[in-house]
Amino acid sequence: MNNLITVSALNRYVKSTFDENKLLSDLYVKGEISNFVNHYRSGHFYFSLKDKDAAVKSVMFSSYGALLRFMPENGMSVIAHGYVSLYEKTGEYQFYVNDMQPDGLGSLNLAYEQLKNKLYEEGLFDENHKKPLPKYPENIAVVTASGAAALQDIIYVLGKNYPVARLRVYPALVQGEKAAQTIVKALKYIERENLCDLIILARGGGSLEDLWAFNEEKVVRAVYNCKVPIITGVGHETDYTLVDFAADYRGATPSAAAAAAGRNIEEICFELESYNVRIKRNLKEKLSFYQLGMENYTEKYLTSLIKNRISKEDEFLKSSAKSLTKNINLYIKNKENQLINTAKIFESLNPLNVLTRGYTVTTNEKGNLSDVNVGDIITTVSDKFVIKSKVEKVSRQKDL
């Protein structure tokens, strides 16, 4: 048994055989992706590449997967580059992929469509979310490369059409790996400083790869979330980037974006002149109306107005005097009745009224009989006589 070896040794030997084979170390394999798994922790892609007759297990480590412009999916036909080796632990050979391109459709185009569909489903392109552009913006921010032709076009168009606005330029990279980061930073700075009421995001034309910064997800989300209205002017008329769908208004070119930022000054002047003519016409009509009214106020007409007014006031005074006299008479009559009733009450309370019924009233010189002595002169009053008498004897009630 000279050829007896362990499983580990066998797998190690076979792996070395794969690794030393130059043909297997640099392969392009065309196939359809199946059983695709994006491992949530490691970020590695695990899948199989298959055709109608066979399949091979494949893996793409996260360091390579992060460089892809698109996300692999089941059923997608791709051309994958990599090498074949053996996974010693299981004894299975695998295709280790380090690059991948869609078969028949460029990776950028596929990435564009994938992200477009994703953001559309999230509502980032919803028309109801778009903000109205200010009619007369005072401060306009321009985010583009400093010194670029796009910036010069914008300055020229705004200077010609809408020179009343103050232009603020916020330079940003518009191409390359760091472009998306600088664009997002510029948009957030403008929003935070609150110095502008409109933003133009622009760059000149180029290939899909040149314009790719404007298809980056973080740039599209920054445009969507920005509270300041944004006009895009990216590329040529036929170029549509994803920021165009998220922006509040798309200009076909940087010049078109600048034209949409503010109304043409000549149109504004024409409109103001039109308002001026209408105001003058209305004032003239009002003046003619009041002049015609003043002509009707002749001396005869004014005299008639005064006489009518005096006549009305005279009738009012007479009516008021009549009503006042009536009210006074009613008041006096009411007071007379109250006086008569009061007199009757006092009359009924007069003690002398009892004399008519046969009673008398006797008083001494002091007007009362609280103290009477022998020899006092007293007066007795009846309803017919007044009798003066001299007291000869006084008896107390208790002595009777």
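Residues numbered from 1 in each chain as written. Predicted model: local features only at pLDDT ≥ 70, side-chain atom pairs only at ≥ 80, totals over all residues. Heavy atoms only, no water.

Draft legend 1. View of the overall build of the protein chain. Scanning the protein chain for helices and strands turns up eleven helices and 13 strands. Over its C-alpha atoms the protein chain spans a radius of gyration of 58 Å, topping by over 25% the 21 Å that the globule rule assigns to 400 residues. Seen along its three principal axes, the alpha-carbon backbone of the protein chain occupies a region of about 185 × 90 × 40 Å. By the burial criterion, 30% of the 400 residues in the protein chain qualify as buried. Long-range contacts, defined as pairs at least 24 residues apart, comprise 61% of the intrachain contacts of the protein chain with a sequence gap of at least 6. Accessible area of the protein chain: about 27300 Å², with a carbon and sulfur share of 54%. Of note, the protein chain has its 51 positive side-chain charges centred 13 Å away from the centre of its 48 negative side-chain charges. (Helix = DSSP H or I, 4+ residues; strand = E, 2+ residues; numbered from the N terminus. Rg over C-alpha atoms; globule rule 2.2 N^0.38 Å. Buried < 20%, exposed > 50% of the residue type's maximum accessible area, 1.4 Å probe, protein only. Contact = heavy atoms within 4.5 Å. Areas by Shrake-Rupley, 256 points an atom, 1.4 Å probe, with all protein chains shown as cover. Lys, Arg positive; Asp, Glu negative; His and termini not counted. Charge placed at Lys NZ, Arg CZ, Asp CG, Glu CD.)

Draft legend 2. Quick look at helix 4 (residues 107–122). Taking 1.5 Å as the rise per residue, helix 4 with 16 residues should run 22 Å; its terminal C-alpha atoms sit 22 Å apart, in good agreement. Every buried residue belonging to helix 4 is among Ser107, Leu108, Leu110, Ala111, Tyr112, Gln114, Leu115 and Leu119, and all of these are buried. Of the surrounding elements, those touching the buried residues of helix 4 are strand 5 (92–102), helix 7 (217–225) and helix 8 (242–246). Immediately beyond the C-terminal end of helix 4, within one or two residues, lies glycine 123, with a positive phi of roughly 95°. (Expected span 1.5 Å × (residues − 1).)

Draft legend 3. Structural view of the environment of isoleucine 231. Here isoleucine 231 is to be found in strand 9 (residues 230–234). Using a relative accessible area of 0% as the deciding quantity, one classes isoleucine 231 as buried. Sequence-wise, isoleucine 231 and phenylalanine 95 are 136 residues apart; in three dimensions their C-alpha atoms are separated by 47 Å. Among residues more than four places away in sequence, those in contact with isoleucine 231 are Leu133, Leu198, Ile199, Ile200, Leu201, Tyr249, Gly251, Ala257, Ala260 and Ala261.

Draft legend 4. Layout of the environment of aspartate 19. Inspection of the secondary structure puts aspartate 19 in helix 1 (residues 7–20). For the pair aspartate 19 and valine 84, spaced 65 residues apart in sequence, the C-alpha to C-alpha distance is 7.5 Å. A distance of 2.8 Å separates a polar atom in the side chain of aspartate 19 from a polar atom in the side chain of lysine 15. (Polar contact = N/O pair within 3.5 Å; in protein donor to acceptor, adjacent residues only side chain to side chain.)

Draft legend 5. Structural view of the sheet that holds strand 6 (residues 139–144). What the five strands build is an open sheet, ordered 7-6-8-9-10; its pairing is parallel. The open sheet has two free edges, formed respectively by strand 7 (166–171) and strand 10 (249–250), since each of these has just one partner strand. Direction of pairing for strand 9 relative to strand 10: parallel, over a ladder of two bridges. Within the sheet, the bridge partner assigned to threonine 232 lies in strand 10 and is arginine 250. Against the sheet, helix 5 (residues 149–161) engages strand 6, strand 7 and strand 8 (198–203), with an angle of about 160° to strand 6. Here helix 6 (residues 179–193) sits on the sheet and contacts strand 6, strand 7, strand 8 and strand 9; the angle it forms with strand 6, its principal contact strand, is near 165°. (Pairing = 2+ DSSP bridges. Axes fitted to C-alpha atoms, helices over the stretch in contact; angles between N-to-C directions.)

Draft legend 6. Structural detail: the pattern of salt bridges. Taken as a whole, this structure holds ten salt bridges when the rule is applied. Note that aspartate 19 is salt-bridged to lysine 15, the shortest N-O span being 2.8 Å. One end of the pair is aspartate 19 and the other is lysine 15, both in helix 1 and four residues apart, which spans about a single turn. Take aspartate 19: its relative accessible area is 39%, and that puts it in the partly exposed class. By relative accessible area, lysine 15 is classed as partly exposed at 24%. For aspartate 244, the salt bridge is made with arginine 250, and the minimal N-O distance between the two is 3.6 Å. Each member of the salt-bridge network shares a partner with another, and the members are Lys118, Glu122, Glu217 and Arg221. (Salt bridge = Lys/Arg side-chain N within 4 Å of Asp/Glu carboxyl O.)

Draft legend 7. Examining the pairing of strand 7 more closely. Across six bridges, strand 6 lies against strand 7 in parallel orientation. Bridging across to strand 7, alanine 141 finds its partner in arginine 168. A crossover links strand 6 with its parallel partner strand 7, the connecting element being helix 5, and its sense is right-handed. (Right-handed = clockwise from strand over helix to strand, strands pointing away.)

Draft legend 8. Summary view of the nonpolar core. Ranked by size, the top nonpolar core spans 61 residues in total, and within it Phe47, Met100, Val143 and Ile199 carry the most contacts. If you tally residues by element for this core, the top one is helix 6, at seven residues. Setting aside anything within four residues of it in sequence, one finds methionine 100 in contact with Ile33, Phe47, Met60, Leu68, Phe70, Pro72, Val78, Ile79 and Ala80. Counting residues in each nonpolar core, the second largest holds 15 residues, with Leu151, Val157, Ala165 and Ala258 among its members. (Core = buried A, V, L, I, M, F, W, Y, C linked by side-chain atoms within 4.5 Å.)

Draft legend 9. The packing of helix 6 against helix 7, seen in detail. Interhelical geometry of helix 6 versus helix 7 gives an angle of 15° and a closest axis separation of 9 Å. As far as their axial angle goes, helix 7 and helix 6 are roughly parallel. Both helix 6 and helix 7 take part in a crossing whose hand is left-handed. Counted together, Ala180, Gln181, Ile183, Val184, Leu187 and Glu191 of helix 6 and Lys218, Val219, Ala222, Val223 and Asn225 of helix 7 form the full contact between these two elements. Residue classes in the contact of helix 6 with helix 7 are distributed as seven nonpolar, two polar and two charged. (Parallel < 35°, antiparallel > 145°, perpendicular 65-115°, else oblique. Left-handed = near helix turned anticlockwise from the far one by under 90°. Nonpolar A, V, L, I, M, F, W, Y, C, P; charged D, E, K, R; others polar.)

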